[in-house]
Amino acid sequence: MRRLDRETVDRIAAGEVVTRPARVVEELVENALDAGAERIEIEVSGGGTERIRVADDGRGMSREEAELAVERHTTSKLPEGELEAVETLGFRGEALASIADVATLSLTTNDGGPRATRVRVADGEVTVDATGRGRGTTVEVTDLFHNRPARRESLAAPATEFERISDRVAAYALLRPAVATSLDHDDRRTFATPGSGSFADAALSVYGREVARESATLDAEAGVDVGGADDATVSVRGLLAYPSITRASADHVRLAVNGRPVAMPDLRRAVERGYGSLLAGDRHPVAALSVSLPARAVDPNVHPTKERVALRGGDAVADAVEDAVADALSTADLRRSAEVAMDLDAALDPVESAPSALGDVDVIGRFRDCYLLCAADDELLVIDQHAAHERINYERLREAVESEAVPSKPLDPPATLSLAPDEAAAVEAHADELAALGFDAAPFGGGTVRVRAVPAPFGRVAAPESLRDALDALRDGADAEGRDALLADLACHPSLKAGDDASDDEAAALVSRLGACDRPFACPHGRPTVLAIGAEHLARGFDRHPRRG
Ligand code: ADP
Ligand code: MG
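Report follows, based on the coordinates.

What counts and what doesn't
- Residues numbered from 1 in each chain as written.
- Chains lettered and ligands numbered in written order.
- Predicted model: local features only at pLDDT ≥ 70, side-chain atom pairs only at ≥ 80, totals over all residues.
- Heavy atoms only, no water.
- Axes fitted to C-alpha atoms, helices over the stretch in contact; angles between N-to-C directions.
- Helix = DSSP H or I, 4+ residues; strand = E, 2+ residues; numbered from the N terminus.
- Parallel < 35°, antiparallel > 145°, perpendicular 65-115°, else oblique.
- Contact = heavy atoms within 4.5 Å.
- Near = heavy atom within 4 Å.
- Polar contact = N/O pair within 3.5 Å; in protein donor to acceptor, adjacent residues only side chain to side chain.
- Areas by Shrake-Rupley, 256 points an atom, 1.4 Å probe, with all protein chains shown as cover.
- Nonpolar A, V, L, I, M, F, W, Y, C, P; charged D, E, K, R; others polar.
- Pairing = 2+ DSSP bridges.

### Some words on the packing of helix 13 (residues 421–429) against helix 15 (residues 466–475)
1) Next: For the pair helix 13 and helix 15, interaxial distance at closest approach is 10 Å and the crossing angle is 75°. By the criterion of interaxial angle, the relationship of helix 13 to helix 15 is roughly perpendicular. Every residue of helix 15 that contacts helix 13 at Asp422, Glu423, Ala426 and Val427 is listed here: Leu467, Arg468, Leu471, Asp472 and Arg475.

Right, dumping it as structure tokens:
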């Protein structure tokens, strides 16, 4: 452990370290990871200002090191002046000191000797004594921002602050699957990963069975030019949920660079490009990818909270990520169906506008129980039953929400849904909005949520799973756009699924109700509801030339 010299301190891109409880958790978890922990236990009370406790089984500190650790600009991690080649998550030596400035901090640590040390910092007073503890370190932070009333004021409700904490912890848990990571909130377990090293095991713990089952893991390597003498090897490992599982926001595309979770839009977009046409326009995938590069290609010292790093050869790295994702998904045999869909697009034109919206249309048949075939003047229309229903429900739902609350139907027995921990936390944060939408849901511990009532607009009962989309939309912002996305997702669930049998009358009613919609020709997610094949297109296909008869 050493004190950094002035010059190095000046080169460090430090900013305000502790802006909210989630930042405290991040810094403490990173210290535990840097200490080589195999197990990290995180406990949070309330929104984190009351108490945050992070315990690890890492290498710990001696008494001298522990005393130095809470001082500013002391670190064991920067080899002499070598800011260029840091491989640890920390290197600025200021997190513990900054936390101690705005909270009461107690650090108990043992580096393997017979005795542990406890260092307590409260109101600038440092006390040190000997205590008992096995190898590892426990840091407890209480009364966060007690001496920063303005900062305290600026925090969101405790449930929202916990949601952020849980989102951050989920990122470490998913991206560092070899470390057993647990998160407890007010004495209830939110999730715990086994530390097996498997991305799928971590995803099972964090997201539940559905995501773990509907996903592919990948482990790819590529040579990329990062501007050195030789190519560098970039490796991309992790987990990709199949496009059958998507989210309304991009928050579930998680990336780490050299073990550090980062929020880098360029890399996130590369992942989404890898999914390509498998994703509907406004949907985002669920993925956790760990990208590794030689340390010389990464500069972690460009952002005060290190949420971004600079990459040498960033575009080449992004391309490698995109390719790795695309390859993994194509071997999962999903790409083919997307290509078929595209060929169809070429032959059939989505209908964009028609003056007499489906006025004189006769349903003449059905194909595969999911498409209605209709004759309309000189066109053959193919209507996607499911998409059509979504559009109809969406518009009716929008109308209902504008006039009054959405009708709701109690579930008896209640349904249990396993959610990502940040989603479970969002249930509390958005309780009022969810109630207005017809949901009655409450967290039940262990990442599960009990759903006691669901929206039931027009006699159609929403699936309990639609809660997930509702949450995504609400978390994206309760603005008009967020609300519309939510309605779109709600409208989607109770709709006729492909394969449902509709009677002839129902089919005719569906077509006329679709025609009455404001925007009949796209489902609420923007996909076409109706494709048209012009008579002349058929004629051309059959080599009939109208002039010659
Ligand atoms: P940094 O992580 O940038 O070095 P911190 O203020 O976070 O700065 O920590 C200061 C030092 O305290 C670290 O360099 C490390 O030596 C020691 N330390 C902090 N937390 C732990 C821990 N959980 N286990 C072992 N050592 C730790
Ligand atoms: Mg640190």
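### Looking at the site of ligand 1
1) Next: Not every one of the 19 residues close to ligand 1 is listed here, only the nearest: Asp56, Thr75, Ser76, Lys77 and Gly93.
2) Next: Contact between ligand 1 and alanine 95: an oxygen atom at 3.2 Å from a main-chain N or O atom of the residue.
3) Next: Its free accessible area being 530 Å², ligand 1 has 95% of it covered by the protein chains.
4) Next: For the shell around ligand 1, the secondary-structure elements that each account for two or more residues are helix 2 (21–34), strand 4 (74–75) and helix 4 (95–102).
5) Next: Tallied by class, the residues present in the shell around ligand 1 amount to eight nonpolar, seven polar and four charged.

### Brief notes about the sheet that holds strand 14 (residues 253–257)
1) Next: Ordered by their spatial adjacency, five strands build an open sheet running 11-12-17-14-15, and the pairing between neighbours is mixed. Each end of this open sheet is capped by a strand with a single partner; those strands are strand 11 (215–224) and strand 15 (260–262). Averaged over all neighbouring strand pairs, the angle between strand axes comes to 20°, with direction disregarded.
2) Next: Looking at chain direction, strand 14 and strand 15 are connected through three bridges and run antiparallel. Within strand 15, the residue paired with valine 257 across the bridge is arginine 260.

Read these as geometric descriptors, not functional statements.
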